[in-house]
Amino acid sequence: MPPDAFRAIIRLRPPQMAMTDDKAARFVQRLFLAQRTPAAQPGYYHGYIMPEPDVPVVYVHLIRIGWSGQGTTVKLVARFPDDLINLPRRLTFEGTAFEQAGKLFCLMQERRRRRSASCIVLSLGDFDTPVFLDGIVTGTEPESGNEITSFRVIWRFIGEKPDLRQALRQCGPYPAEATGLPDAVAATLIGRR
């Protein structure tokens, strides 16, 4: 091909040498970033877990579901007592979520050391703005990163703009017999009605 004709083709359609078909990026784009609306009601939630059935302690965490413009973001702040071995007083997890078949799928990772990751699947229920989302969390322990754990979880919507200081003060461990736990939490996690 004459050099001038080749130059004209290259100018009209430059080669994309660095661009390759990245299947993982395409999958993430399809699953997480192609959303038109948030995967769940944006705002703040209290999350309740009882990680050890033999130990009657319910942990309360603060969760925020947000919207980045392309996808749903999730942030979870967990507070632990001073005397809990190998854990800092506060852990923060960040991740993303998508909705499918009436379920909210969250993929999250501990922000600081990135040794702990989890997948949370919550039922969104039959209503547009459910107060309680219940489901399962499966992941690795933040203190070891080796063990795989799985337990029930329930999130309770506390508002789009709650008093965050108050919401954080309510986080931490509670005895399973605590009277302040919502009935739905006690029924789901403890079996108490």
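What counts as what
Residues numbered from 1 in each chain as written. Predicted model: local features only at pLDDT ≥ 70, side-chain atom pairs only at ≥ 80, totals over all residues. Heavy atoms only, no water. Helix = DSSP H or I, 4+ residues; strand = E, 2+ residues; numbered from the N terminus. Buried < 20%, exposed > 50% of the residue type's maximum accessible area, 1.4 Å probe, protein only. Contact = heavy atoms within 4.5 Å. Phe/Tyr/Trp six-rings, centres within 6.5 Å; stacked < 30°, edge-to-face > 60°. pLDDT = per-residue confidence, 0-100. Pairing = 2+ DSSP bridges.

*Asks:* Quick question: what am I supposed to make of the overall build of the protein chain here?
*Replies:* Helices and strands together make up the secondary structure of the protein chain, namely 4 helices and 9 strands. Along the protein chain, helices and strands appear, N-terminal first, in the series α-α-β-β-β-β-β-β-β-β-α-β-α. A total of 193 residues make up the protein chain; the buried ones form 34% of that total. Within the protein chain, contacts between residues separated by at least 24 positions form 45% of all contacts whose residues are at least 6 apart in sequence.

*Asks:* Can you walk me through the packing of aromatic side chains in this structure?
*Replies:* A ring pair, where both rings are aromatic, is described by two values, the distance of the centres and the angle of the planes. Considering all chains together, one arrives at 3 aromatic pairs under this definition. Ring plane angle 50 degrees and centroid distance 6.0 Å describe the contact between Tyr45 and Trp155, whose orientation is recorded as tilted. A residue pair is termed long-range when its members are at least 10 positions apart, and Tyr45 in strand 1 (residues 43–49) and Trp155 in strand 8 (residues 148–159) qualify at 110 residues. Here the aromatic rings of Tyr45 and Phe157 are separated by 5.2 Å at their centres, their planes lie at 70 degrees, and the arrangement is edge-to-face. Of this pair, Tyr45 sits in strand 1 while Phe157 sits in strand 8, placing them 112 residues apart in sequence. Considered together, Tyr45 and Phe157 belong to a single accessibility category, that of buried residues.

*Asks:* Sorry if this is basic, but what is going on with the side chain of Thr72 here?
*Replies:* Along the chain, Thr72 falls in strand 3 (residues 72–79). Those residues in contact with Thr72 that lie beyond four places of it in its chain are Gln35, Thr37, Pro38, Ala39, Ile65, Gly66, Trp67, Gly95, Thr96 and Ala97.

*Asks:* Explain the environment of Leu133 to me, please; I cannot follow it from the model alone.
*Replies:* Within the secondary structure layout, Leu133 lies in strand 7 (residues 132–140). Overall, the relative accessible area of 0% leaves Leu133 in the buried class. Along the primary structure Leu133 and Ala40 are separated by 93 residues, whereas in three dimensions their C-alpha atoms are 9.9 Å apart. In contact with Leu133, not counting residues within four places along its chain, are Tyr45, Leu122, Ser123, Leu124, Val153, Ile154 and Trp155.

*Asks:* Sorry if this is basic, but what is going on with the confidence of the model for the protein chain here?
*Replies:* Parts of the prediction with low pLDDT should not have their coordinates interpreted in detail. Predicted confidence across the protein chain gives a mean pLDDT of 82, with 87% of residues reaching 70 or more. Of all secondary-structure elements in the protein chain, the lowest mean pLDDT belongs to helix 2 (residues 23–33), at 72, while strand 1 reaches the highest, 93.

*Asks:* Would you mind showing me how to read the pairing of strand 3 here?
*Replies:* The two faces of a sheet get side chains in turn, since along a regular strand they alternate between them. The pairing of strand 2 (residues 57–67) with strand 3 spans 7 bridges and is classified as antiparallel. Bridge assignment links Leu62 to a residue of strand 3, and that residue is Val77. Taking the residues between adjacent antiparallel strands as the criterion, strand 2 and strand 3 are bridged by 4 residues, where Gly69 takes a positive phi near 105 degrees. Sheet topology places strand 3 next to strand 4 (residues 90–100); 8 bridges connect them, and they run antiparallel. Across the sheet, the residue bridging to Val77 is Thr92, located in strand 4.

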